[in-house]
Amino acid sequence: MKKIVLGIFFIIYILLTLTVTFFLNKYNSFGVIEIKNKLIVTSNKTDMNCRKGSLLIITKDKSELKENDEVFYYTADKHKILVSKDKIVNIEDVTEKEKTITLNNNRKLSIDYIIGKTNKISTIPLIGYLLMALTSRIGYLIVIMLPISIFFFYQIYSLFKRK
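Throughout this description, residue numbers start from 1 for each chain and increase along the sequence as written. In keeping with the predicted nature of the model, local features appear solely for residues at pLDDT of at least 70, side-chain atom pairs appear and are counted solely at 80 or more, and the whole-chain, interface and lining totals rest on all residues. For the side-chain quantities, the full set of heavy atoms in the structure was used; hydrogens and water were omitted.

Student: Is there a simple way to think about a nonpolar patch on the surface in this case?
Tutor: Residues enter a patch when their relative accessible area is above 30% and they make no salt bridge; the linking distance is 9 Å between like charges and 5 Å between nonpolar side chains (Val, Leu, Ile, Met, Phe, Trp, Tyr). Here, Shrake-Rupley sampling with a 1.4 Å probe gives the accessible areas, and only protein chains in the shown set may cover a residue. In the sections that follow, a salt bridge refers to a side-chain nitrogen of Lys or Arg positioned within 4 Å of a carboxyl oxygen of Asp or Glu. Taken together, the side chains of Ile-138, Leu-141, Ile-142, Met-145, Leu-146 and Ile-150 define a hydrophobic patch exposed on the protein surface, amounting to about 580 Å² of accessible area. Put simply, DSSP marks the helices as runs of H or I at least four residues long and the strands as runs of E at least two long, and each gets a number from the N terminus on. Locating Ile-138 in the fold gives a position in helix α3 (residues 137-162).

Spelled out as structure tokens, the structure:
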């Protein structure tokens with residue numbers, strides 16, 4: 001019975017480790033987890049009125065943007081990049097691929113800083129706390145690296161003990 005419980009715990013731990021490591025490798029240049037066309041954003045990386053500890057899953061889609069659409073976009077606040085939302089006032093074509101978007105607050109942004117429309121969002125409450133803890137430096141060190149290191153040194157110890 002003890003081996004079954006330890007086996008199940010070990011499998012869950014390995015899946016958690018792989019998931020967290022996968023998420024850490026999927027950060028984009030704005031410091032947000034991006035998997036294909038989905039952004040996974042914790043509530044501490046937004047300046048919107050969302051419940052603290054929530055996990056936001058935003059679909060990235062810049063196609064069919066028009067005036068008066070509410071969109072998510074990247075913004076900076078005191079050396080921290082955040083996800084915000086606002087309404088588009090004007091869209092100006094610069095080149096074939098480049099557009100300048102003017103938002104409600106008279107902020108002008110390149111199309112590269114626009115994420116997508118606000119109707120393409122899912123919210124999962126409280127899971128953001130877990131993701132924030134596990135992907136932080138201290139959290140990853142304590143939850144992932146420390147147990148693996150202990151297991152590794154225990155295996156070396158048991159190898160020397162046999163000889």
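Student: Help me out: how do you make sense of the sheet that holds strand β9 (residues 121-124) in this one?
Tutor: Two strands in a sheet stick together by hydrogen bonds in their backbones, pointing the same way (parallel) or opposite ways (antiparallel). The four strands lie next to each other as β1-β2-β3-β9, forming an open sheet whose pairing is antiparallel. Edge positions in the sheet fall to β1 (33-35) and β9, since each has one partner strand and no second. Each adjacent strand pair in this sheet contributes to an overall mean axis angle of 20°, direction not counted. Two strands are said to pair when DSSP picks up at least two bridges between them. Two strands pair when backbone bridges link them, and strand β2 (residues 38-42) and strand β3 (residues 55-59) are joined in this way by five bridges, in the antiparallel orientation. Looking at β3, one finds that Thr-42 is bridged to Leu-55. Interaxial angles span 0 to 180 degrees and are taken between N-to-C directions of axes, which are lines fitted to C-alpha atoms, for helices over the stretch in contact.

Student: Hey, could you run me through the environment of Lys-52 in this one?
Tutor: Structurally, Lys-52 is set in the loop between β2 and β3. Among the residues examined, Lys-52 registers a relative accessible area of 63% and is labelled exposed. For the pair Lys-52 and Tyr-129, spaced 77 residues apart in sequence, the C-alpha to C-alpha distance is 8.4 Å. Only protein chains enter the calculation, and the probe is 1.4 Å; a residue is then buried if its accessible area is under 20% of its type maximum, exposed if over 50%, and partly exposed in between.

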